[in-house]
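Commentary on secondary and tertiary structure
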Amino acid sequence: MKSNIRVIPFQPEHTDRMRLQPRQRGWAGSVTPDTLAFLATQPSITVLDGGEVLMCGGWLPLWEGRAMAWSMLAEGIGTRMTGVVRAARRMTDTFTGRRLELDVERDHAEAHRLARLLGFTLETPCMPRFYPNGADAAMYVRIAAWA
């Protein structure tokens, strides 16, 4: 089956059409409708294959020049992950600030790999009990070459 990867602006209802990967289900309940509505006003995208939502993501400005990247990935992306990574990399490459941060679960090997594929570098290997479910995190960053 041929994939038809395309990117559209993120809207909160896109998350309703997505079955999150198991690793993200533990904290997903802490993301409120108001949070999703706010994220839709920030730089953010949805990656689709036909009508199937594969990923939603973007960044949340923290202050001028610094932002926190976020993403939600669907279960069962499989071979379509290459298209998802390309779309996410195009998105992160448009960031013009000094520092873009990305946190991942410390023991989630695939998330660490994705962070590196997106051009992030490991900065903080362990942030204990970082997530709402008590899981530890690691912090990756992309620092602008001109910073």
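Bear in mind the structure is a predicted one, so any value in this text is a computation, not a measurement. (Residues numbered from 1 in each chain as written. Predicted model: local features only at pLDDT ≥ 70, side-chain atom pairs only at ≥ 80, totals over all residues. Heavy atoms only, no water.)

With that out of the way, let us pick up the overall build of the protein. Looking only at helices and strands, the protein features four helices and seven strands. The N-to-C order of helical and strand elements in the protein reads β-α-α-β-β-β-α-β-α-β-β. Here the C-alpha atoms of the protein give a radius of gyration of 15 Å, agreeing with the 15 Å that 2.2 N^0.38 yields for 147 residues. Across its three principal axes, the protein shows a C-alpha extent of roughly 40 × 35 × 30 Å. Burial analysis of the protein (147 residues in total) assigns 46% to the buried set. (Helix = DSSP H or I, 4+ residues; strand = E, 2+ residues; numbered from the N terminus. Rg over C-alpha atoms; globule rule 2.2 N^0.38 Å. Buried < 20%, exposed > 50% of the residue type's maximum accessible area, 1.4 Å probe, protein only.)

Within strand β2 (residues 44-49), six of the six residues are buried, which leaves it mostly tucked inside the rest of the structure. Sheet analysis places strand β1 (residues 5-9) next to β2, joined by five bridges and oriented antiparallel. Residue pairing for β2: I5 is matched across the bridge by D49. Across six bridges, the pairing between β2 and strand β3 (residues 52-63) is antiparallel. Bridging across to β3, L48 finds its partner in V53. Here β2 hands over to β3 after two residues, with G50 in that stretch at a positive phi of 65°. (Pairing = 2+ DSSP bridges.)

So, on to the pattern of salt bridges. For the structure shown, the criterion picks out eleven salt bridges. R99 serves as the salt-bridge partner of E101, at 2.5 Å between the closest nitrogen and oxygen. Residue R99 is classed as partly exposed on the basis of its relative accessible area, which comes to 22%. Taken together, the shared-partner salt bridges connect R66, R99, E101 and E123 into one network. (Salt bridge = Lys/Arg side-chain N within 4 Å of Asp/Glu carboxyl O.)

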